[in-house]
Amino acid sequence: MCAGKLIMNTIKFLRIAIYPMLFISLISPQVSTAQGLTPLKKTWKISNDKKIFQLTLINAYPEEMIYELNAEDKQTRELQTDVKFTAREGRIAAKRQRKVLVLVPVKEALREVRICLRFPELDDDLRVRVCGDYTFIRHSAGQR
């Protein structure tokens, strides 16, 4: 009697919980992360005229990919050629990450930069890029 009740409860659970999830997974598009960078958003308060920080580039594709990094003004989208990378272009192994250093000159009290990662090999299929927003607030040594 107990075994029969357990089987009935299991079947009931499958109908209520598992089957709808299977159905939804069949009809919904499969989404997976293909490329990324981290951090995606960060604000720093600095006391000098430049900031160096590390970005982690992510390749979730099953094959090695060529990447490109660009920096642009967050508001105007104008390319920022004064932003330097240890490797503006390169390769990332399949399902791996790569660390890149970024140097941003900060001459004004506030600078907002958008850094974008793209895989140019994919431009024929789709033009995907991932961008992160970085803010630099410059203050004098006496301020905090």
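For clarity, every value in this text was computed on a predicted model and none was experimentally measured.

Bridging between strand β2 (residues 41-46) and strand β9 (residues 129-138) involves six bridges; their strand directions are parallel. Its bridge partner being in β9, W44 is matched across the sheet by F136. With nine bridges connecting them, strand β8 (residues 110-118) and β9 associate as antiparallel partners. Within β9, the position partnered with I115 by the bridge is G132.

Here E64 lies in the loop between β3 (50-59) and β4 (65-73). Sequence separation between E64 and K95 is 31 residues; the distance between their C-alpha atoms is 7.9 Å. Every residue in contact with E64, bar those within four places of it in the chain, is listed here: N59, R91, I92, A93, A94 and E121. There is a polar contact of 3.1 Å between the side chain of E64 and the side chain of R91.

Cut-off values and rules
- Residues numbered from 1 in each chain as written.
- Predicted model: local features only at pLDDT ≥ 70, side-chain atom pairs only at ≥ 80, totals over all residues.
- Heavy atoms only, no water.
- Pairing = 2+ DSSP bridges.
- Helix = DSSP H or I, 4+ residues; strand = E, 2+ residues; numbered from the N terminus.
- Contact = heavy atoms within 4.5 Å.
- Polar contact = N/O pair within 3.5 Å; in protein donor to acceptor, adjacent residues only side chain to side chain.

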